[in-house]
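Spelled out, the chains give:
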Amino acid sequence: HVVRNEGLYAVRMYESLGEIFRGWSRIFYGTFGTPKRLTLSIIVILLKGVLPYVAAFLGFAAAGAGWQPVWLWWTCGIIGTIAAAAQLSVIFRYYRLISAAPALTWTYPIACGIVSIILARSFVMLRPGAKLTWRGTSYTS
């Protein structure tokens, strides 16, 4: 059985953006652990999380600037907007379902960009001789 338990517990992982980058880099490094898995993760985040917004912006900007063929750029902008709207609609409803703040739905594309950077940082940690520090102890890969 599953029951709602609002207010039963609270969690705080990190207090600063630097701690978030260092902590989640370690988590992704340990979880994915291979260049192939990290590369696939970056590709998925970029394609599914960032591409709709880039396509919408670039499509409308290029069409507005008169780049040829204009119909192609308008199509790119429209499809990107539809994909982004569908994605944000799902996220908005999910946030309501889990009692999170639905007003923060708009931050999702920003978070995808940040996660992409953190995944890339984890990728760098895989190189031989890279230093990993956790709770004051440093390890070399």
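Residues numbered from 1 in each chain as written. Predicted model: local features only at pLDDT ≥ 70, side-chain atom pairs only at ≥ 80, totals over all residues. Heavy atoms only, no water.

Enquirer: I keep staring at the overall build of the chain and nothing clicks. Help me out?
Expert: Across its full length, the chain holds 4 helices and 2 strands. Moving toward the C terminus, one meets the helices and strands of the chain in the order α-α-α-α-β-β. Taking 2.2 N^0.38 as the reference for a compact globule, 141 residues should give roughly 14 Å; the C-alpha atoms of the chain span a radius of gyration of 19 Å, well beyond that estimate. Dimensions of the chain, computed from C-alpha atoms along their principal axes, come out at roughly 55 × 45 × 30 Å. Residues counted as buried form 23% of the 141 residues belonging to the chain. Taking contacts inside the chain between residues at least 6 apart in sequence as the whole, the part at least 24 apart equals 53%. (Helix = DSSP H or I, 4+ residues; strand = E, 2+ residues; numbered from the N terminus. Rg over C-alpha atoms; globule rule 2.2 N^0.38 Å. Buried < 20%, exposed > 50% of the residue type's maximum accessible area, 1.4 Å probe, protein only. Contact = heavy atoms within 4.5 Å.)

Enquirer: Any chance you could explain the nonpolar core here in plain terms?
Expert: Generally speaking, nonpolar side chains in soluble globular proteins are found buried as a group. Phe-21, Phe-28, Leu-38, Ile-42, Ile-118 and Leu-119 together form the largest nonpolar core, which totals 6 residues. Among the elements of the structure, α1 (17–32), α2 (35–64) and α4 (108–125) are those that each provide at least two residues to this core. Setting aside its immediate chain neighbours within four residues, Phe-28 contacts Gly-33, Leu-38, Val-115, Ile-118, Leu-119 and Ser-122. (Core = buried A, V, L, I, M, F, W, Y, C linked by side-chain atoms within 4.5 Å.)

Enquirer: Hey, could you run me through the pairing of strand β2 (residues 137–140) in this one?
Expert: In regular strands, side chains alternate between the two faces of the sheet. Pairing of strand β1 (residues 131–134) with β2, which is carried by 4 bridges, proceeds in the antiparallel orientation. Among the inter-strand pairings, Lys-131 is bridged to a residue of β2, identified as Thr-140. Between β1 and β2, which pair antiparallel in sequence order, lie 2 residues; one of them, Arg-135, sits at a positive phi of approximately 50°. (Pairing = 2+ DSSP bridges.)

Enquirer: Got a minute to help me understand the packing of aromatic side chains in this structure?
Expert: The description of an aromatic ring pair rests on the distance of the ring centres and on the angle between the ring planes. What the rule picks out here adds up to 4 aromatic pairs. Measuring from ring centre to ring centre gives 5.5 Å for Trp-24 and Phe-28, while their planes differ by 45°; the resulting arrangement is tilted. Note that Trp-24 and Phe-28 are positioned in helix α1 at a spacing of 4 residues, about one turn of the helix. A relative accessible area of 29% places Trp-24 in the partly exposed class. Measuring from centroid to centroid gives 5.6 Å for Trp-67 and Trp-73, while their planes differ by 80°, and the two rings are edge-to-face. An aromatic cluster of at least three residues, connected via ring pairs, comprises Trp-24, Phe-28 and Phe-32. (Phe/Tyr/Trp six-rings, centres within 6.5 Å; stacked < 30°, edge-to-face > 60°.)

Enquirer: Before we go on, may I ask you to explain the environment of Ala-111 in this structure?
Expert: Mapping Ala-111 onto the fold places it in helix α4. For Ala-111, a relative accessible area of 34% translates into the label partly exposed. In this structure the C-alpha to C-alpha distance between Ala-111 and Gly-49, which are 62 residues apart in sequence, comes to 8.8 Å.

Enquirer: For this particular structure, what's the right way to read the environment of Ile-43?
Expert: In this fold, Ile-43 is placed in helix α2. Take Ile-43: its relative accessible area is 40%, and that puts it in the partly exposed class. Separated by 37 residues in sequence, Ile-43 and Glu-6 have C-alpha atoms that sit 35 Å apart.

Enquirer: What should I look at first to understand unusual backbone geometry in this one?
Expert: Trans peptide bonds make up most of the peptide bonds, and negative phi angles are found at most residues other than glycine. With an omega dihedral of -10°, the bond running from Gln-68 to Pro-69 counts as a cis peptide bond. With respect to the element layout, Pro-69 can be found in the loop between α2 and α3 (70–97). For Ser-99, which is not a glycine, the phi torsion comes out positive at approximately 60°.

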